[in-house]
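Overview (structure and organization)
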Amino acid sequence: MATFYTNDHVELYYEVKGEGKPLLMIPGWTCSTQFFKKNSDVLAEDFKVILMDFRGHGESEKVLHGHRISRYAMDVKELLDQLDVEDVTVLGWSMGVAVLWSYLELFGKHRISKLVCVDQAPLQYTGPDWVWGQNGCYDVEMFIRTCCAIEYAPRDSAEGLAFACLYHEPTDEEVKFIADEISKCPPKVRIEIMRDHTNLDWRDLLPLINLPTLVCVARNSVVFDWQGSAYVAEQIPEAKLEFFEDSGHMLFWEEADKFNQTVADFIKA
């Protein structure tokens, strides 16, 4: 457990566990490193696992500036530079995938060798040429409603995400854990990063990605219909597609054993 300062003087929290080939795991919107607690220790038995909280998230500094996907990508680069690691497998879940796509667009293969995309479609909003958007925030009207829920009922909004992200009925403990972690992210931060995230379309980038790529898709996700997340594997050349049949959006939580083995096999291949 440690922190470092970005070039715009924001203190970011990160953890490093284990030894071996490096694996960076970054979470989704409003979430924290703790979401990977069923995965990081297991994977650290074979790899050097690196975890990071985005600015404004988890244990990182709660600043109200820089909440754009591109700035988050820069923060990832600065962490990898700080740790001076090479040949890194980078794994993103949900919005974390968009951060990694931005990283690739801005910095190419700098320090990284493999990519893992976990349950994220390339475009949040639906339109005439894209029907597989984010089911809870698929146009400007739904973004405004999302913002209202966050601003006026932040805890209820956080608890609602527990039910949206899990396929099986969450336990009281799971709802509390998820809501507690999300609640570390101030409402303004939640809104500002979603404002940027929802307006980005990554479809043009996908065919240009020339890294070994694993795409993990939850068959029963209600955040994204599986077709939108699977499209990513169809567009990235030679990407490997793995379906998780008994999971919602948090497939690494509900099928942790399969997820850990799938990721480990991909890194070792």
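Before any of the text, the structure's been laid out above.
One structure accompanies this document, and this report is about it. (Residues numbered from 1 in each chain as written. Predicted model: local features only at pLDDT ≥ 70, side-chain atom pairs only at ≥ 80, totals over all residues. Heavy atoms only, no water.)

**Some thoughts on the packing of helix H2 (residues 69-83) against helix H3 (residues 95-107)**
To keep things clear, this is the line we draw: As a rule, the C-alpha atoms of each element are fitted with a line to give its axis, helices using only the stretch in contact, and angles between N-to-C directions run from 0 to 180 degrees. Only DSSP runs of H or I reaching four residues or more are called helices, and only runs of E reaching two or more are called strands; each is numbered from the N terminus. Put simply, angles under 35 degrees are roughly parallel, angles over 145 are roughly antiparallel, angles from 65 to 115 are roughly perpendicular, and the rest are oblique. In this analysis, two residues are considered to be in contact whenever any of their non-hydrogen atoms come within 4.5 Å of each other. For this classification, the nonpolar set comprises Ala, Val, Leu, Ile, Met, Phe, Trp, Tyr, Cys and Pro, the charged set comprises Asp, Glu, Lys and Arg, and every other residue, Gly included, is treated as polar.
Between H2 and H3, the shortest axis-to-axis distance is 8 Å and the interhelical angle comes to 75°. If you check the angle between H2 and H3, you find them roughly perpendicular. Here H2 contributes Ile69, Ser70, Tyr72, Ala73, Met74, Val76, Lys77 and Leu80 to the contact with H3, which in turn contributes Met95, Ala98, Val99, Ser102, Tyr103, Leu106 and Phe107. Classifying every residue of the contact of H2 with H3 gives twelve nonpolar, two polar and one charged.

**A closer look at the environment of Phe163**
Its location among the elements puts Phe163 in helix H5 (residues 154-165). In this structure the C-alpha to C-alpha distance between Phe163 and Val175, which are twelve residues apart in sequence, comes to 7.7 Å. When neighbours within four sequence positions are excluded, Phe163 is seen to be in contact with Glu169, Pro170 and Val175.

**A word on the packing of helix H4 (residues 140-152) against helix H7 (residues 187-197)**
This is how it is decided: The hand of a helix crossing depends on one turn: near helix anticlockwise from the far one by less than a right angle means left-handed, and clockwise means right-handed.
Orientation of H4 relative to H7, taken along the N-to-C sense of each, is 165°, at an axis distance of 9 Å. Here H7 runs roughly antiparallel to H4, going by the angle between their axes. Pair H4 / H7 crosses with right-handed handedness. Residues Phe143, Cys147 and Ile150 of H4 form the contact with H7, whose own contacting residues are Pro187, Arg190, Ile191, Met194 and Arg195. Residues that form the contact of H4 with H7 fall into these classes: six nonpolar, no polar and two charged.

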